[in-house]
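So you can see what is in the structure, the chains are spelled out below.
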Amino acid sequence: MVKVPDLSSNSLKEAGLTSSIDQEVVSRFDIPNNNSETDSDVLSSQEHTLDFVSQSVAKPVADSTADPFTDSVINSVSCPVNPSVSSGGKERQVTSFFGQAGSPSLSAPNHVSRAASIFSNHGSSFTSSSRAEEVRHIPGRNPVTVLSDITGHSTCIGEYMQFVQYFRDRYSRLSEILRGRMNARPIESLKRRNFRRGSDGGNEELSIIGMISDISSTNNGHKILSLEDPTGSFSVLIRNSDKELFELASRLLLDEVIGVTGSVTNDGNLMLATKILQPDVPNSVQRRTGSHGKAVLISDVHVGSSQFLEDSWLDFLDFLKGESDSEEMREVAAQVRYLVVAGDLVDGIGIYPDQEMELDILDVYEQYRKAAEYLREIPEHIHVIISPGNHDAVRQAEPQPALPERIRADFPENITFVGNPALVDLDGVRILIYHGRSIDDLVASVPGVSYQEPAGAVLEMLKRRHLAPTYGSRVSISPEKKDYFIIDPVPDIIHTGHVHTLGVQRYKNVLLVNSGTWQAQTEFQKRVNLVPMPARVPIVDLADFDVKILAFD
């Protein structure tokens, strides 16, 4: 039994949870000062139409939330998606997470209409099941099996209940992972219990699983999480005196699904947390063995940019063809079976203001034709897998489908095109390909995560078992029936890019690789003092997951 303090106003002062000027009404938790994670989360609905490849040079769109590494500011999508976060400094409304009958329309100025509950009563006909996908097998000397990919399966038309379905699928699948590790009860049951203390003055510990709809702080620096599940919402207090737990809580993000264990106050309105559990990767995850050969992981080629490092790229192609001067390099090249490109094959058109001033190729189709010309030099036995990024000619809303047929037609037959993200099997090795746009959100929100060590951001994704945990920030997310960002099953390798820096890390038998770029520093990056790491190539041994970094600069 855990001792629970009396949460009357006087007792709160004695317990250090409030001060004489910090009079909190515990039963309502109307706490005025939100933390920095929620200060600027006012949302407005937007609709953009994809017109990316219909003109040679699209009109640039200015935006204060420009991606510092790719200067990307356009947010074009083919259907209404999550609204972009305003920088107006308004507070996120602390209400229900998921939609109810009579919920506001998508234009309501809060986080996916957070004033309404996504786990709605009237939407019970919307189940959490995902639309079935066909597994795609590409046979051959170096076979590829596409296990998960949005291409050909998008259902987004921007209706409100699609947001409901999307969050239900996320909650259902992540909570199932957590339920295998804790005995959680529905939130609604907490409100129905009688929490009178026993003779020893303590209450039993209970566990709940919920999605974080709000994070706020008391005047004394304690954290309050608002959690929601399909039955209701509940407030959880994390005291700053519990250093380890408080540090973990400080790294939590809006919209991630967590489990919390703690004791509930006598009035049944607040849980005092003693443990927080993220979905994470189990310690027992096994590395698969039995494959052979090597996979080359690259991203952010940016063909068409005036900063494209063509000389380094041609040296790389010579390596793949076995034409390097070094015998050791030729031996490595002879073992290469796969080349995986995690987005931004070309620099695109109209991605950021005045982009045409830094382009050598002003037509996006010409950029892809040039990229296809380069890739035709790669030996036919090397199977190339290409996923798009935010500079490519697909919708900006993620998950992104594969490049359209009009573009694919120019490329050789040894190339397989997939969406972003995509889970593929390379002859027995599962690799999750994601361009990595959400790294921007993680750098901004999670203490200690930086662009200089991008694999650390991917590690945070893995702990949450989700590639883009926060909905409504820099990553425009299309509300599909299935949440394609959930990391399940656990892959052998996660390959990301986007931030133009190199990072390699291992975590519980999962290899995390963020590949660099083939583009030198742009003028915008010079102005903000951001230095890319170009022409570095991670090569993974598929038998033991050993990684070597080859330099082509």
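Here the structure is shown first, and the text comes after it.
For the structure given in this document, a descriptive report is provided here.

Here is what the cut-offs are and how they apply
- Residues numbered from 1 in each chain as written.
- Predicted model: local features only at pLDDT ≥ 70, side-chain atom pairs only at ≥ 80, totals over all residues.
- Heavy atoms only, no water.
- Buried < 20%, exposed > 50% of the residue type's maximum accessible area, 1.4 Å probe, protein only.
- Helix = DSSP H or I, 4+ residues; strand = E, 2+ residues; numbered from the N terminus.
- Arc of directions from axis to C-beta.
- Contact = heavy atoms within 4.5 Å.
- Pairing = 2+ DSSP bridges.
- Axes fitted to C-alpha atoms, helices over the stretch in contact; angles between N-to-C directions.
- Polar contact = N/O pair within 3.5 Å; in protein donor to acceptor, adjacent residues only side chain to side chain.
- Nonpolar A, V, L, I, M, F, W, Y, C, P; charged D, E, K, R; others polar.
- Core = buried A, V, L, I, M, F, W, Y, C linked by side-chain atoms within 4.5 Å.

### What to know about helix 5 (residues 310-320)
Alright, step 1. Residues of helix 5 that are buried include every one of Ser-312, Trp-313, Phe-316, Leu-317, Phe-319 and Leu-320, and no others. Looking down the long axis of helix 5, one finds its buried residues gathered within 155° of arc, a one-sided arrangement.
Alright, step 2. The inward-facing, buried residues of helix 5 abut strand 10 (294-298), helix 6 (327-333), strand 11 (336-342), helix 7 (364-375), strand 19 (536-541) and strand 20 (547-551).
Alright, step 3. Gly-322, located one to two residues past helix 5, shows a positive phi value of around 75°.

### Looking at the sheet that holds strand 2 (residues 136-138)
Alright, step 1. The mixed open sheet is built from seven strands, whose spatial order is 2-3-14-15-16-18-17. Of all the strands in the sheet, just strand 2 and strand 17 (503-507) have a single pairing partner and so form its edges. When the angles between neighbouring strand axes are averaged without regard to direction, this sheet yields 20°.
Alright, step 2. Relative to strand 3 (residues 144-149), strand 2 is paired through three bridges, and the arrangement is antiparallel. Looking at strand 3, one finds that Ile-138 is bridged to Val-144.
Alright, step 3. Taken strand by strand, helix 10 (residues 454-464) contacts strand 16 (493-496), strand 17 and strand 18 (510-514), and its axis lies near 35° from that of strand 17.

### Overview of the sheet that holds strand 12 (residues 383-387)
Alright, step 1. Strand order across the open sheet formed by six strands is 13-12-11-10-19-20, with mixed pairing between neighbours. The open sheet is flanked by strand 13 (415-417) and strand 20, the only strands paired with a single partner. Neighbouring strand axes in the sheet, compared pairwise and without regard to direction, differ in orientation by 20° on average.
Alright, step 2. Where strand 10 meets strand 11, five bridges bridge the pair, whose relative direction is parallel. Its bridge partner being in strand 11, Val-296 is matched across the sheet by Leu-339.

### Side note on the side chain of Ser-515
Alright, step 1. Considering the arrangement of structural elements, one finds Ser-515 in the loop between strand 18 and helix 11 (523-527).
Alright, step 2. Only 2.8 Å separates the side chain of Ser-515 from the side chain of Ser-299, close enough to count as a polar contact.
Alright, step 3. Of note is the side chain of Ser-515, whose polar atom sits 3.0 Å from the side chain of His-495.
Alright, step 4. Sequence-distant contacts of Ser-515, defined by excluding residues within four places in its chain, comprise Leu-297, Ile-298, Ser-299, His-495, Thr-496, Gly-497, Thr-501, Leu-502 and Pro-538.

### Digging into the packing of helix 5 against helix 7
Alright, step 1. Two numbers describe how helix 5 lies on helix 7: the axes approach to 11 Å, and their chain directions differ by 35°. In this structure, helix 5 uses Glu-310, Trp-313, Leu-314 and Leu-317 to contact helix 7, whose residues at the interface are Lys-370, Tyr-374 and Leu-375.
Alright, step 2. The residue inventory of the contact of helix 5 with helix 7, partitioned by class, reads five nonpolar, no polar and two charged.

### Some points on the pairing of strand 20
Alright, step 1. The pairing of strand 19 with strand 20 spans five bridges and is classified as antiparallel. Among the inter-strand pairings, Pro-538 is bridged to a residue of strand 20, identified as Ile-549.
Alright, step 2. The loop that links strand 19 with its antiparallel partner strand 20 comprises five residues; one of these, Phe-545, has a positive phi angle of about 65°.

### Details of the nonpolar core
Alright, step 1. In terms of nonpolar packing, the biggest core is built from 45 residues, with Phe-316 and Phe-319 touching the most fellow members.
Alright, step 2. Of all the secondary structure elements, the ones that give two or more residues to this core are strand 10, helix 5, helix 6, strand 11, helix 7, strand 12, strand 13 and strand 19.
Alright, step 3. At seven residues, helix 7 tops the list of elements feeding residues into this core.
Alright, step 4. With sequence-adjacent residues up to four places away left out, Phe-316 is seen in contact with Val-296, Ile-298, Leu-339, Trp-518, Val-537 and Phe-552.
Alright, step 5. Core analysis: the second largest hydrophobic core is formed by 43 residues, Tyr-434, Phe-485, Ile-486 and Val-490 among them.

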